[in-house]
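If you want the building blocks of each chain, they are given just below.
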Amino acid sequence: MTKAIRVYETGGPDVLKWEDVEVGDPGAGEVRLRHTAIGLNYIEVYQRTGLYKINDFPAIIGSEAGGVIEAVGDGVSDFKVGDRVAYAMNIGAYSEERTIGTGKLIHIPGSIDDQVAGGMLLQGMTAYYLLHRTYKVKAGDTILIYAAAGGVGLIMCQWAKHLGATVIGCVGSKEKAALVKANGCDHAILYRDENVPERVKEITGGKGVPVVYDSIGKDTFNNSLDCLSPFGLMVTFGNATGPVEPLALGILAGKGSLYVTRPTLATHTATRELLDECANALIGAIEGGQVKIAVNQTYPLAEAAKAHADLEARKTTGSSVLLP
Ligand code: NDP
C-alpha cells in the first residue's frame, strides 16, 4: 500500500484527496518507481478543473516526477533497480510510488539533485522546444515572454539570454520584475498595469518582436499579436486565463502576414529520439550553467491542494515540487 493524491471529480483544490492506493508489480516493459520529488505544473490545474479531460475517475493526477527504480518488469534492459530516473507528460505522478513504462524515462546524472530532477523536465523541455524548435532564437533577436517569473518562464529567460537574445518579460508584480531581471530579462513589463504593445514598440524602436511566447491565453492573445513585427510568430502555448477564442484568420493579414502556432510538449517528445533531444539539451544546459532550475517552493505531497491554491493565486515563482 502506498499514498497518492486522487480526484473523484473536477473542481477546486479541495477535490484533491490524499488516499491509500495499491501499486502492483511492474508489467512487461515497466518499472516500479519510488518518487523522491514530484513536479508541480500549471497543467495539473487544467487536469483538476477539467480543462484537460480525464476519462476515468478516480484518477491520480500529476504529470512528472523523479525517483529511484525499485523493481523492473520483463524485457526491461536499459534500466535497472537503483537507477535514478525522471519523466514528464505521464499522468499519475502525484503518488509516493507508481509503475510506469520505460518509454518516457530519462536517466538522471549525479550532478542533478532529487528536487531539481523531479521538477525540471516538463518546464525545462518546454523551454527548450519553444526556444530551439518552435522558433529558433538567435543572437540579436528581441523576444517577448509572458509569465516570465513562472516555472517555464524563468528557465526561458535564462536560456534565451544565453542564446544572445534581448529578452522582454511580462510579469504580474514588481517583485517578479526584479526576479526576472536577475535571470536574464533585459526589460520587464507589468502586463496587467502597462500597455504591452506600446511598451514593446518603445523598447524595439517601433519594430515589434519576431516572436511572442504567450502562456496566459484568452486575456492576452490580441495584445500579443500587436507586439509582433511583420511575418512575426505568435506562439500561444498555455491557458492560464482560459483558452484563446477562435480566430478570424484575416486578422493575421491586417497585422503584417503573421503566423500563429499552438504547440505542445506532447508532440515535441512523442518519439524516443525527440524526447532524448529535449532532455539531453536541458541536462546539458543545467550542467553547463546556462540554466539554473530555481526550486523556490516545496510542499508535502499530502498538501498538494495548498500547492495548487498558491499556483493559481500567482504566489509561486520559478519551479515548485511536491515531496512524498
Ligand atoms: P507558472 O509557474 O508560469 O504559473 C502560472 C503563471 O501564470 C502565474 O505565476 C502568473 O504569473 C500567470 N498567470 C496569469 N494569469 C493567471 C491566472 N488567471 N491564474 C493563475 N496564474 C496566472 O506555471 P508553469 O510554468 O507550470 O506553466 C506556465 C504556462 O505554460 C501554463 O500556461 C502552462 O499551461 C503552459 N505550458 C505549456 C506547455 C506546452 O507544451 N504547451 C508545457 C508546459 C507548460 P504572473 O503573476 O506573472 O501573471
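What counts and what doesn't
- Residues numbered from 1 in each chain as written.
- Predicted model: local features only at pLDDT ≥ 70, side-chain atom pairs only at ≥ 80, totals over all residues.
- Heavy atoms only, no water.
- Near = heavy atom within 4 Å.
- Polar contact = N/O pair within 3.5 Å; in protein donor to acceptor, adjacent residues only side chain to side chain.
- Areas by Shrake-Rupley, 256 points an atom, 1.4 Å probe, with all protein chains shown as cover.
- Pairing = 2+ DSSP bridges.
- Helix = DSSP H or I, 4+ residues; strand = E, 2+ residues; numbered from the N terminus.
- Domains from an automatic or database assignment.
- Contact = heavy atoms within 4.5 Å.
- Buried area = accessible area lost by both parts, 1.4 Å probe.
- Salt bridge = Lys/Arg side-chain N within 4 Å of Asp/Glu carboxyl O.
- Nonpolar A, V, L, I, M, F, W, Y, C, P; charged D, E, K, R; others polar.

S.K.: A description of the site of the ligand should follow, citing residues and the corresponding values.
M.R.: Taken together, 31 residues are adjacent to the ligand, and Tyr129, Gly172, Lys176, Tyr191 and Leu265 come closest. Tyr46 has a polar side-chain atom sitting 2.9 Å from an oxygen atom of the ligand. A distance of 2.9 Å separates a nitrogen atom of the ligand from a polar side-chain atom of Arg314. Expressed as a share of its isolated accessible area of 910 Å², the protein-covered part of the ligand is 94%.

S.K.: Pulling in residues and values, what's your account of the sheet that holds strand β2 (residues 17–21)?
M.R.: Spatially, β2-β1-β4 is the arrangement adopted by the three strands of the open sheet, whose pairing is antiparallel. Each edge of the sheet is formed by a strand with only one pairing partner; in this case those strands are β2 and β4 (59–60). With two bridges connecting them, strand β1 (residues 2–7) and β4 associate as antiparallel partners. Counted as the bridge partner of Val7 is Ala59 from β4.

S.K.: Go over the domain arrangement of the protein, please, and point to the residues and values.
M.R.: Segmenting the protein into domains produces domain 1 (2–121 + 284–323) and domain 2 (139–262). Using only C-alpha atoms to locate each centre, domain 1 and domain 2 end up separated by 29 Å. If you look at the interface, domain 1 gives 15 residues, while domain 2 gives 16 residues. In this assembly, domain 1 packs against domain 2 so that about 1,200 Å² is buried in total across both faces, 56% of it on carbon and sulfur atoms. Our enumeration of links across domain 1 and domain 2 arrives at zero salt bridges. Linking domain 1 to domain 2 there are eight residue pairs in polar contact (both at pLDDT 80 or more). For the side of domain 1 that touches domain 2, a count of residues per class yields eight nonpolar, five polar and two charged.

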